[in-house]
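Commentary on secondary and tertiary structure
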Amino acid sequence: MKKIFFCSLLSLLFISFWQTCSVFLPSFLNVFLICPVAILFSLQFLKFNEMLAVGVIVGIFIDSLSGITIGISSIACLIVILVLSNINMFLMRVNQPIFTFYMLFISFFYRLAFLFVNTFLLGNKTNFIFAVAMLGPVVDALIAPLFFFVLIKIFALFKAFEHHDQKGNFLA
Amino acid sequence: MWLLFEKSKKIVFALVLSIIPLVLIYLQNKDYKVRTFLSKPIVEITGFAEGMAIKICETVSDSIFRHIAISKKYDELLKLRALSNEVEGLTAQLAYFQNELLRVTNLTNTINGPNFKNKIYAKVIATSGAPLSRTVRINKGSKEGIKVRNAVVSEQGAVGQVLNVSEHFSDVLLITDSSSAIDAKVLGSNVRGLVRGLTNNKEYLMQMRDVDALSDLQDGAIVVTSGLNSLFPSGVPIGKVQKVFSNKDDLWIWAKLVPYVSMSRVEHVNVLTGDYTYKKEEETLSQMWNAEIR
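The secondary structure content of chain B amounts to four helices and 12 strands. Among the 294 residues that make up chain B, the fraction classed as buried is 38%. Summed over its atoms, the accessible surface of chain B is roughly 18,000 Å², and 58% of this surface lies on carbon and sulfur atoms.

Before going further, it helps to spend a moment on the overall build of chain A. Tallying secondary structure elements over chain A gives six helices and zero strands in all. Reading the helices (α) and strands (β) of chain A from amino to carboxyl end gives α-α-α-α-α-α. When contacts within chain A are restricted to residue pairs at least 6 apart in sequence, those whose partners lie at least 24 apart make up 76%. Of the roughly 8,000 Å² that chain A leaves accessible, carbon and sulfur atoms contribute 71%.

The next subject is the sheet that holds strand β10 (residues 237-246) of chain B. Residues and elements named next belong to chain B. A barrel is described by the order of its strands in space; here six strands give the closed sequence β6-β7-β8-β11-β10-β9, paired in antiparallel fashion. Each strand of the sheet is rotated relative to its neighbour by a mean of 40 degrees, with strand direction disregarded. Inspection of the sheet shows β10 paired to strand β11 (residues 252-259) by seven bridges, in the antiparallel sense. The partner of Lys243 across the bridge, within β11, is Lys256.

A word on unusual backbone geometry. Residues and elements named next belong to chain B. In this model, Arg149 sits at a positive phi of 80 degrees, which is unusual for a non-glycine residue. Looking at the element boundaries, Arg149 is found in the loop between β2 (135-138) and β3 (151-153). When its relative accessible area of 46% is taken as the criterion, Arg149 is described as partly exposed.

A word on the side chain of Ser107 of chain A. All names here are of chain A. Summarising the element assignment, Ser107 is placed in helix α5 (residues 96-121). Engagement of the side chain of Ser107 in a polar contact is seen with the side chain of Asp140, the distance being 2.5 Å. Ignoring anything within four residues of it in the chain, the contact list for Ser107 reads Pro36, Gly136, Pro137 and Asp140.

Quick look at helix α6 (residues 130-157) of chain A now. Residues and elements named next belong to chain A. With 28 residues, α6 extends 40 Å from end C-alpha to end C-alpha; this agrees with the ideal 40 Å at 1.5 Å per step. Of all the bends in α6, the greatest, near 35 degrees, is centred on Ile143, and the proline Pro145 appears no more than four residues after it. Just beyond α6, the residue with positive phi is Lys159, at close to 55 degrees.

Below, the discussion takes up the packing of aromatic side chains. All names here are of chain A. Counted by the stated rule, this structure contains 16 aromatic pairs over all chains. Ring geometry for Phe101 against Tyr102: centres 6.4 Å apart, planes inclined by 50 degrees, an arrangement best described as tilted. Taking the relative accessible area as the measure of exposure, Phe101 reaches 49% and is therefore partly exposed. Overall, Tyr102 belongs to the buried group, its relative accessible area being 5%.

Within the largest apolar cluster, 62 residues are counted, with the highest numbers of intra-cluster contacts made by Ile34, Phe41 and Phe147 of chain A. For this core, the element with the most residues is helix α3 (residues 48-66) of chain A, which contributes 11 residues. Counting residues in each nonpolar core, the second largest holds 40 residues, with Ala122, Val124, Val186 and Met263 of chain B among its members.

Okay, a nonpolar patch on the surface next. Residue and element names in this part refer to chain B. On the surface, Ile56, Val60, Ile64, Phe65 and Ile68 cluster together to form a nonpolar patch covering roughly 470 Å² of accessible area. Relative to the elements of secondary structure, Ile68 occurs in helix α3 (residues 33-110). Residue class for Ile68 comes out partly exposed when judged on its relative accessible area of 36%.

On to the packing of α3 of chain A against helix α4 (residues 72-84) of chain A. Residue and element names in this part refer to chain A. Following both chains from N to C, one finds α3 and α4 inclined at 150 degrees, their axes separated by 7 Å at the closest point. On the basis of the axis angle, α3 is roughly antiparallel to α4. In this structure, α3 meets α4 at a crossing whose hand is right-handed. On the side of α3, the interface is formed by Phe48, Met51, Leu52, Gly55, Val56, Gly59, Ile60, Ile62 and Asp63, while α4 contributes Ile72, Ser73, Ser74, Cys77, Leu78, Ile81 and Leu82. Residues that form the contact of α3 with α4 fall into these classes: 11 nonpolar, four polar and one charged.

Further remarks concern the pairing of β11 of chain B. As paired strands, strand β8 (residues 206-212) of chain B and β11 of chain B are joined by five bridges and run antiparallel to one another. Within β11 of chain B, the residue paired with Gln207 of chain B across the bridge is Lys256 of chain B.

In an α-helix there are 3.6 residues to a turn, and that puts residues three or four apart on one side. Compared with an ideal rise of 1.5 Å per residue, which puts 13 residues at 18 Å, α4 of chain A spans 19 Å between its outermost C-alpha atoms and is within 8% of the ideal. Within α4 of chain A, 10 of the 13 residues are buried, which leaves the element mostly enclosed by the surrounding structure. Residues of α4 of chain A that are buried include every one of Ile72, Ser73, Ser74, Ile75, Ala76, Cys77, Leu78, Val80, Ile81 and Leu84 of chain A, and no others. Buried residues belonging to α4 of chain A abut α2 (34-45), α3 and α5 of chain A together with α2 (9-30) of chain B.

What follows concerns the pattern of salt bridges. With the rule as written, the count across this model stands at three salt bridges over all chains. Across the pair Asp140 of chain A and Arg111 of chain A runs a salt bridge, and its minimum N-O distance is 2.9 Å. Of the two residues, Asp140 of chain A sits in helix α6 while Arg111 of chain A sits in helix α5, which places them 29 residues apart along the sequence. Of the charged contacts, one joins Asp171 of chain B and Arg137 of chain B as a salt bridge, the two residues approaching to 2.9 Å between their closest N and O atoms. Of this pair, Asp171 of chain B sits in strand β5 (residues 170-174) while Arg137 of chain B sits in strand β2, and the two are 34 residues apart along the sequence. What makes Asp171 of chain B buried here is its relative accessible area of 15%. By relative accessible area, Arg137 of chain B is classed as partly exposed at 35%.

The rules behind the values
Residues numbered from 1 in each chain as written. Chains lettered and ligands numbered in written order. Predicted model: local features only at pLDDT ≥ 70, side-chain atom pairs only at ≥ 80, totals over all residues. Heavy atoms only, no water. Helix = DSSP H or I, 4+ residues; strand = E, 2+ residues; numbered from the N terminus. Buried < 20%, exposed > 50% of the residue type's maximum accessible area, 1.4 Å probe, protein only. Areas by Shrake-Rupley, 256 points an atom, 1.4 Å probe, with all protein chains shown as cover. Contact = heavy atoms within 4.5 Å. Pairing = 2+ DSSP bridges. Axes fitted to C-alpha atoms, helices over the stretch in contact; angles between N-to-C directions. Polar contact = N/O pair within 3.5 Å; in protein donor to acceptor, adjacent residues only side chain to side chain. Expected span 1.5 Å × (residues − 1). Bend = angle between axes of the 7 residues up to and from the residue. Phe/Tyr/Trp six-rings, centres within 6.5 Å; stacked < 30°, edge-to-face > 60°. Core = buried A, V, L, I, M, F, W, Y, C linked by side-chain atoms within 4.5 Å. Patch = residues over 30% accessible without salt bridge, like charges linked within 9 Å, V, L, I, M, F, W, Y side chains within 5 Å. Salt bridge = Lys/Arg side-chain N within 4 Å of Asp/Glu carboxyl O. Parallel < 35°, antiparallel > 145°, perpendicular 65-115°, else oblique. Left-handed = near helix turned anticlockwise from the far one by under 90°. Nonpolar A, V, L, I, M, F, W, Y, C, P; charged D, E, K, R; others polar.

Below, the structure is given as structure tokens:
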């Protein structure tokens, strides 16, 4: 429960901070999404049930703050988590270059999943901006290490890691 | 059945969890107010956090902009200071050139009488002798028509006589040097004498010796060239009497003179190349010098 709580809370605060920074940043950089970052973190540090719970909660937060129908991001997160949790390679701790690659892939996959849910499941008319889809994963990959770093520190501070978690091996 | 459930626990849990967003979507489609109800607490919390974050960002950006503005102002200040120093230097240079112009103008104006037709303007380029100069070098020589013993004057008065001449340069023996001697007289009286250099280590001085004790020579009297036995025209100021001394036998007196020309600062001179003799115009010239000196 502690992990779900801290992960969700930090995602909410991160999104608040990013939305504040986007006031000062140029608009083309305003493509960051917290969901893929939270998904990768949960794939690496949380159990399956915790992953799903974090996905749903973070999705609800994102939809509330973005102005779209609440629940779309949650479903997209669930789809991504269900698919990626069966691929063992995403569950392992990796070094920095491979971590960046994972982040790029998951972010792009999440955006496709979101587009799929929004268009095909709910029947909404949406625009797919190719530049955003290409730049978004890059921005996510750049910011993800900061998110990971802060969350791991919080987990360590509140002793949220379990016995088998080896936080020292993160990004070895 | 239970075994199947155990194996498909993940999928079951995922399906159970996915009901939540589906229900939310259904409720929102039915009544959009559900969205407002759900998002209100989230927006409140994030709004509070965003307010604090934007205050921090504004403070940081204001500090950065202020720092940049101050840095720019500081750079501007440094540039202005450099410009100000340059202007000060140029002003000082201008004042110097104006002063030089005035001195050269005075020089050409004062030495412009009918007796001073043959004159060559020269600039002092070097001095020799230590600690006080004995000779100065000027930048004109035999090529311009200068000869040995030609008189050299400045706008203030007599400077010396040409000692050595080369093609482009000449050495001038200053009147304050002990080997210099000029026939002179006291302005406004008949007192005459020989003015010799009396330079010591501290100041440029001259002496006028063997003056009749009965003559009316007093401190502050003006001594000018007599025009006799020298190539100096008459009436050129030499110096002022600093002090009068009497000999032991009280028959003769001698006077210590201070030259009019600042020997350490003389820069612009005229070399008188003509053959100057005593003429009646000497009285007019004396009056002219008097007017300038006083």
